[in-house]
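# What the coordinates show
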Amino acid sequence: MKVKLRDCAQLIKTRVGMEKATYNNYVSTNNMLPNRGGIKFEDSNLPKSKTVNYYQKGDILISNIRPYFKKIWLADRDGTRSGDVLCFRSDDPKLLGKYLYCTLQSDHFFNYVVSTSKGTKMPRGDKEAILDYEFDLPTEKEQYKKYNPIIRIEEKIELNNQINDNLLELISLIWNKYSKDIKFKIMLQQLAQNIITGKTPNTKIKENYGTDIPFVKIPDMHNKVFIDETMQSLSLLGANSQKSKYLPPNSIMVSCIGTPGLVSLTGTTVQTNQQINSLILKPKYLYCTFLELKSLKDKIGNLGSGGTTIKNLNKSDFSNLEITVPDRESILDKFNNIARPIFDQIHTNNIETKKLMQLKASLLNKYF
């Protein structure tokens, strides 16, 4: 049976002034992760508007800005949200909430929202048109059979993410213990074999884009230690048009424009856009440099210049950043012997998560 979204679900509009609102678990488009990645709560994520909107556990939150990023989260708690985060809730007893959630994270739904979008720089989906979205509503038993495998996959992905978060926290604590007794500091330009600022191939030449080389942008870096895949890739033609921008595996990428201070490692050969500066290092300096740069996120953000709306840390200032590294090979070797298996496990979990996300996408396309 085909139904319209407006006939079986609500678009929740509960709004309250800032003076009456609580800001616990505040969700904006900034802390929603792309590619169905869920949410990343951060202390720095605060409301900027004069009003906020409530949501409750079980609601489905979707970013209505740039919907092609596919930002969606099934709320596991109550909280508040910005006006650009849509909130859906089933109001038909025949429509199970998790079935609605899977329906709204399908490529079919996001493609539909994109088709309704208005605006160029910050396109937003048309809310009335979104409510006219049609989808299949089978029996409750059939709904469960379709959504349950997807929810189980998401739980495994979340477990992998939690393990990786814990491993990263562990090695960060270990590095802090090592680094507090190290007095030696060195500028990135002295440490790195090469510092590369990314570049975007000509977007007017469609043949520059394809499936050959992952093309890293800032949304790909959120909550990622290793990056093995991206939302957009280059063709060999596009990548080879800027051969000096190739990054080998185990390069360190740092966002320096817009959202400065994100740090990730390349899990494979990639290129990046111009918002990212990357370091190619001797392997022995990889892990301590990565952890040092992670710890300097706030400093990197504060160094960014260029106004209040877009922060920009230029390559020269980035290259002059000083970090702490061991000045004795024995200390470096000892730390690397601890760090290497931890980072290897993080990468292994990341690769498994990639395969799970591919399986999840396949099931979404099949059933929704």
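On a predicted model such as this, the values are computed, not experimentally measured, just so you know.

Quick notes on the rules
- Residues numbered from 1 in each chain as written.
- Predicted model: local features only at pLDDT ≥ 70, side-chain atom pairs only at ≥ 80, totals over all residues.
- Heavy atoms only, no water.
- Helix = DSSP H or I, 4+ residues; strand = E, 2+ residues; numbered from the N terminus.
- Rg over C-alpha atoms; globule rule 2.2 N^0.38 Å.
- Buried < 20%, exposed > 50% of the residue type's maximum accessible area, 1.4 Å probe, protein only.
- Areas by Shrake-Rupley, 256 points an atom, 1.4 Å probe, with all protein chains shown as cover.
- Core = buried A, V, L, I, M, F, W, Y, C linked by side-chain atoms within 4.5 Å.
- Contact = heavy atoms within 4.5 Å.
- Axes fitted to C-alpha atoms, helices over the stretch in contact; angles between N-to-C directions.
- Parallel < 35°, antiparallel > 145°, perpendicular 65-115°, else oblique.
- Salt bridge = Lys/Arg side-chain N within 4 Å of Asp/Glu carboxyl O.
- Pairing = 2+ DSSP bridges.
- pLDDT = per-residue confidence, 0-100.
- Phe/Tyr/Trp six-rings, centres within 6.5 Å; stacked < 30°, edge-to-face > 60°.
- Polar contact = N/O pair within 3.5 Å; in protein donor to acceptor, adjacent residues only side chain to side chain.
- 1 Å grid on protein atoms, 1.4 Å probe; cavity = no way out; pocket = protein on both sides within 12 Å on 5 of 7 lines; lining within 4 Å.
- Points joined across faces, edges and corners; volume = space filled by probe spheres on them.
- Nonpolar A, V, L, I, M, F, W, Y, C, P; charged D, E, K, R; others polar.

## Describing the overall build of the protein chain
Summing up its helical and strand segments, the protein chain has 12 helices and 22 strands in all. Its C-alpha radius of gyration of 22 Å places the protein chain within 12% of the 21 Å reference for a compact globule of 368 residues. Overall, the C-alpha framework of the protein chain stretches about 70 × 50 × 40 Å when taken along its three principal axes. Counting every position in the protein chain, which comprises 368 residues, the buried fraction comes to 49%. For the protein chain, the exposed area adds up to about 18500 Å²; of that, 50% sits on carbon and sulfur atoms.

## Looking at the nonpolar core
Within the largest apolar cluster, 41 residues are counted, with the highest numbers of intra-cluster contacts made by I252, L279, F290, L293, F318, F335 and F343. When residues of this core are traced back to their parent elements, those giving at least two are α5 (140–179), α6 (188–191), β18 (252–255), β19 (263–266), α9 (286–295) and α12 (329–367). If you tally residues by element for this core, the top one is α12, at 7 residues. Setting aside chain neighbours within four positions, we find I252 in contact with V263, S264, L265, N277, S278, L279, L281, L286, T289, F290 and L293. Membership of the second largest hydrophobic core comes to 33 residues, among which are C8, I72, L137 and I153.

## A look at the packing of α5 against α9
At their nearest, the axes of α5 and α9 sit 10 Å apart, and the two run at 95 degrees to each other. Taken together, the axis directions place α5 and α9 in an arrangement best described as roughly perpendicular. Residue-level inspection shows L168, I171, S172 and W175 of α5 in contact with α9, the latter providing C288, F290, L291, E292 and K294.

## Focus: the pattern of salt bridges
Oppositely charged side chains can pair when the atoms bearing their charge come close. Following the criterion strictly, the structure yields 15 salt bridges and no others. One salt bridge in this structure joins K284 and E329, with 2.7 Å as the shortest N-O distance. Taken together, the residues K284 in the loop between β21 (276–280) and α9 and E329 in helix α12 connect sequence positions 45 residues apart. Among the charged side chains, a network of salt bridges with common partners joins K4, R6, E128 and D132.

## Points about the sheet that holds β19
Sheet strands pair via backbone hydrogen bonds, and the direction of the pair is either parallel or antiparallel. Strand order in this open sheet of 5 strands is β13-β21-β18-β19-β16, and the pairing throughout is mixed. Each having just a single partner strand, β13 (194–197) and β16 (226–227) make up the two edges of the open sheet. As judged from the 4 bridges shared by β18 and β21, these two strands associate in the antiparallel manner. Across the sheet, I252 pairs through a bridge with L279, a residue of β21. Those strands touched by α9 are β18, β19 and β21, and its axis lies near 155 degrees from that of β19.

## Concerning the sheet that holds strand β10 (residues 85–90)
On the basis of which strands lie adjacent, the open sheet formed by 4 strands has the order β2-β10-β7-β8 and antiparallel pairing. Of all strands in the sheet, those bounded by a partner on one side alone are β2 (9–11) and β8 (72–74). In this sheet, neighbouring strand axes are inclined to one another by 20 degrees on average, regardless of whether the strands run parallel or antiparallel.

## Focus: the environment of Y287
Examined against the element boundaries, Y287 turns out to sit in helix α9. Y287 gets classed as buried once you look at its relative accessible area, which sits at 9%. Linking Y287 and Q190, residues 97 residues apart in sequence, is a C-alpha distance of 17 Å. Non-local contacts of Y287, meaning those with residues more than four positions away in its chain, are made with F335, N336, A339, R340, F343 and D344.

## A short note on the confidence of the model for the protein chain
Considering every residue of the protein chain, the mean pLDDT works out to 91; 93% of them sit at 70 or more. Mean pLDDT values for the elements of the protein chain range from 64 in strand β3 (residues 15–17) up to 98 in strand β20 (residues 271–272).

## Digging into the packing of aromatic side chains
Per the stated rule, a full pass over the model turns up 13 aromatic pairs. Relative to W73, the ring of Y55 has its centre 5.8 Å away and its plane inclined at 80 degrees; by these criteria the two rings are edge-to-face. Taken together, the residues span a long stretch of sequence, with Y55 in strand β6 (residues 51–55) and W73 in strand β8 at a distance of 18 residues. Neither residue differs from the other here; Y55 and W73 are each classed as buried. Ring plane angle 20 degrees and centroid distance 4.6 Å describe the contact between Y287 and F343, whose orientation is recorded as stacked. Taken as a pair, Y287 in helix α9 and F343 in helix α12 lie far apart in primary sequence, 56 residues in all. Comparing Y287 with F343, the two get one shared label, buried.

## A few points about the environment of P123
Structurally, the position occupied by P123 is in the loop between α3 (107–116) and α4 (127–131). Spatially, the C-alpha atoms of P123 and R66 are 5.3 Å apart, while their sequence positions differ by 57 residues. With sequence-adjacent residues up to four places away left out, P123 is seen in contact with N64, I65, R66, P67, Y68, S117 and K118.

## Considerations on the side chain of N277
Summarising the element assignment, N277 is placed in strand β21. At 2.4 Å, the side chain of N277 and the side chain of T197 are in polar contact. Apart from residues no more than four positions distant in its own chain, N277 is found in contact with I196, T197, I252, M253, V254, C256, L313, K315 and F318.

## Quick look at the layout of surface pockets
The calculated volume of the second largest pocket comes to roughly 320 Å³. Around the second largest pocket sit 13 residues that line it, and N35, R36, K70, M231 and A361 are the ones nearest its centre. Looking at the lining of the second largest pocket, the element that brings in the most residues is α12, giving 4 residues. The residue inventory of the lining of the second largest pocket, partitioned by class, reads 5 nonpolar, 3 polar and 5 charged.

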